[in-house]
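Geometric and topological summary
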Amino acid sequence: MTVISRDSGGQQPLIRENRKTWSRVKRNYELYLFLLPIILVYLLFKYYPMYGVQIAFKDFSPSQGIWGSEWVGFQHFIDFFNSYNFWTIMKNTLTLSFLSLVFRFPAPIIIAIMLNQMLGKRYKKFIQTVIYAPHFISTVVLVGMLHVFLSPNSGLVNLIITWFGGEPILFMADEGWFRPLYILSGIWQETGFATIIYLAALAGVNPELHEAAIMDGASKWKRVWYVDIPSILPTIVILLILALGNVMSIGFEKAFLMQSDLNYATSNIIPTYVYELGIQKAQYSFSTAVGLFNSVINIILIVMVNRIAKKLTETSLW
């Protein structure tokens, strides 16, 4: 009787590699324990809810449940595209998102470069503390502050306007002021905290580059332009990719709190529209379809921007 043995030569390298991997995991298990909480959070709050995305393709009924509801395919998406306010909502969302990106994205870069050029350490720390503080104010408090300062009767801004002979302005009720207030309040609240990343990147710039530039007679402006900015360019590109990838996911909370019947024409964006349909009107399937459409657009944007950035700057997320 002849025994035919299989050649396991192809499996041996794989087995050895698996053993090496597990040995590294055992050796550094403390680091993996640090990752465990965030992995659980993502599994529980990011991936598990994806199970319910299927109701975007169903006529969901709470009594029948997700599996028992009838499939309707892409009908909810078609209804959204054919709705009378589709283009208005898209225009409001894209306009607010891109204006926020244009005005908010460069602000922390400029502030970080200015702080990096300061020589007085005490003054620098004081400025950093002052501009970081608004980040820790909740959105509810921020919108409340806007209502107080911009009140037509007792608001500080309108008092100054009336002192100079002007008429009080209904800032929070005027649809024309919604976008400027949204963007300016966002710059005030988030710019300081966003500078931390750029300050960390500037701290990693080789000081010998600045010394060489000074020896060549370069001014402070030229050293910023030809040394600092090129050195932090990879960081700028990565954050720009992430920002463009979330261009459709503009914050819901502040837009909803600032929204009123008088400024509804410009404040009605996709996140507030989803809330209105899904929570207030209980159109769960339709609102899920709108939210899924929003997420798909974000994915397409981040893939496209990442590919373009990789070709132009050789810096990308993947």
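Residues numbered from 1 in each chain as written. Predicted model: local features only at pLDDT ≥ 70, side-chain atom pairs only at ≥ 80, totals over all residues. Heavy atoms only, no water.

1. With respect to the overall build of the protein
Put simply, the rule reads: Helix numbering and strand numbering both begin at the N terminus, where a helix is a DSSP run of H or I of at least 4 residues and a strand a DSSP run of E of at least 2. Only the C-alpha atoms count toward the radius of gyration. The rule for a globule is 2.2 Å times the residue count to the power 0.38. Burial status follows relative accessibility: with a 1.4 Å probe on protein chains alone, a residue under 20% of its type maximum counts as buried, one over 50% as exposed, and anything between as partly exposed. By the convention used here, residues are in contact when the closest approach between their heavy atoms is within 4.5 Å. The Shrake-Rupley method, run with a 1.4 Å probe, gives the accessible areas here. Residue values count only the displayed protein chains as cover. When charges are counted, Lys and Arg are positive and Asp and Glu negative, with His and the chain ends excluded. Working definition for charges: the position is that of NZ of Lys, CZ of Arg, CG of Asp or CD of Glu.
Scanning the protein for helices and strands turns up 16 helices and 2 strands. A compact globule built from 318 residues would reach a C-alpha radius of gyration of about 20 Å, whereas the protein, at 27 Å, exceeds it by more than 25%. Counting over 318 residues, the protein shows a buried share of 31%. Restricting the contact set of the protein to residue pairs at least 6 apart, pairs at least 24 apart contribute 63%. With the model as given, the accessible surface of the protein reaches about 20,900 Å², and the carbon-plus-sulfur share is 67%. A distance of 12 Å separates the average location of the 24 positive side-chain charges in the protein from that of its 18 negative side-chain charges.

2. Observations concerning the nonpolar core
The condition that has to hold: Take the buried Ala, Val, Leu, Ile, Met, Phe, Trp, Tyr and Cys residues and link them wherever side-chain atoms come within 4.5 Å; each set so joined is a nonpolar core.
Grouped together as the largest cluster of nonpolar side chains are 22 residues, with contacts concentrated most on Phe105, Ile109, Tyr198, Leu202, Ile232 and Ile236. Those elements that place two or more of their residues in this core are α6 (106–117), α10 (175–203), α12 (220–245) and α16 (284–313). Sorting elements by how many residues they give to this core places α12 first, with 7 residues. Grouped together as the second largest cluster of nonpolar side chains are 15 residues, Ala56, Met248, Val290 and Phe293 included.

3. Some remarks on the side chain of Asn263
Our working definition: Pairs of N or O atoms within 3.5 Å make up the polar contacts considered here, provided that, within protein, one atom can donate a hydrogen while the other can accept it, and that residues adjacent in sequence are counted only when both atoms are side-chain atoms.
With respect to the helices and strands, Asn263 occurs in the loop between α13 (252–258) and α14 (264–267). Among the polar contacts listed, one links the side chain of Asn263 to the backbone oxygen of Met172, at a separation of 3.2 Å. Not counting the four nearest positions on each side in its chain, Asn263 is found in contact with Met172, Ala173, Asp174, Glu175, Phe178 and Met258.

4. Examining the packing of helix α15 (residues 270–280) against α16
Quick note on the threshold: Interaxial angle, 0 to 180 degrees, is taken between N-to-C directions of lines fitted to C-alpha atoms, where a helix line uses only the stretch in contact. Note that the term roughly parallel is reserved for angles under 35 degrees, roughly antiparallel for angles over 145, roughly perpendicular for angles of 65 to 115, and oblique for everything else. Left-handed describes a crossing whose near helix is turned anticlockwise from the far helix through less than a right angle; right-handed describes the clockwise counterpart. Throughout this entry, Asp, Glu, Lys and Arg are counted as charged residues, while Ala, Val, Leu, Ile, Met, Phe, Trp, Tyr, Cys and Pro are counted as nonpolar. The remaining residues, Gly among them, count as polar.
Orientation of α15 relative to α16, taken along the N-to-C sense of each, is 165°, at an axis distance of 8 Å. The orientation of α15 relative to α16 falls into the category roughly antiparallel. Here the hand of the crossing between α15 and α16 comes out left-handed. Listed contacts from α16 to Ile270, Tyr273, Val274, Leu277 and Gly278 of α15 are Tyr284, Phe286, Ser287, Val290, Gly291 and Asn294. For the contact of α15 with α16, the residue count by class is 7 nonpolar, 4 polar and no charged.

5. Quick look at a positive patch on the surface
Note the cut-off: Patch membership requires over 30% relative accessible area and the absence of a salt bridge. Like charges are linked within 9 Å, and nonpolar side chains (Val, Leu, Ile, Met, Phe, Trp, Tyr) within 5 Å. Within this document, salt bridges are pairs made up of a side-chain nitrogen of Lys or Arg and a carboxyl oxygen of Asp or Glu, the two lying within 4 Å of each other.
On the surface, Arg16, Arg19, Lys20, Arg24 and Arg27 cluster together to form a positively charged patch. Relative to the helices and strands, Lys20 is located in helix α1 (residues 12–27).

6. Some thoughts on unusual backbone geometry
In this structure, Ala282 takes a positive phi of about 60° despite not being glycine. Checked against the element boundaries, Ala282 lands in the loop between α15 and α16. Overall, the relative accessible area of 39% leaves Ala282 in the partly exposed class.

7. With respect to the packing of aromatic side chains
The condition that has to hold: Stacked, edge-to-face and tilted are the three classes for Phe, Tyr and Trp ring pairs, Trp counted by its six-membered ring, which pair at centre distances within 6.5 Å; planes under 30 degrees apart are stacked, over 60 edge-to-face, the rest tilted.
Across all of its chains, the model carries 21 aromatic pairs by this definition. A ring pair is formed by Phe80 and Phe81, whose centres lie 6.0 Å apart and whose planes are at 45°; its orientation type is tilted. Residue Phe80 is classed as buried on the basis of its relative accessible area, which comes to 1%. By relative accessible area, which is 36% here, Phe81 ends up partly exposed.

8. A few points about the packing of helix α8 (residues 139–149) against α10
Running from amino to carboxyl end, α8 crosses α10 at an angle of 130°, the nearest separation of the two axes being 12 Å. By the angle class used here, α8 and α10 are oblique. The way α8 lies across α10 gives a crossing that is right-handed. Counting all contacts with α8, which are made through Thr139, Leu142, Met145 and Leu146, the residues of α10 involved are Ser185, Trp188 and Gln189. Looking at the contact of α8 with α10 residue by residue, the class counts come to 4 nonpolar, 3 polar and no charged.

9. Re the environment of Pro37
Within the element layout of this structure, Pro37 appears in helix α2 (residues 29–47). Judged by relative accessible area, which is 47%, Pro37 ranks as partly exposed. Counting along the chain gives 164 residues from Pro37 to Ala201, while the straight-line C-alpha distance between them is 28 Å.

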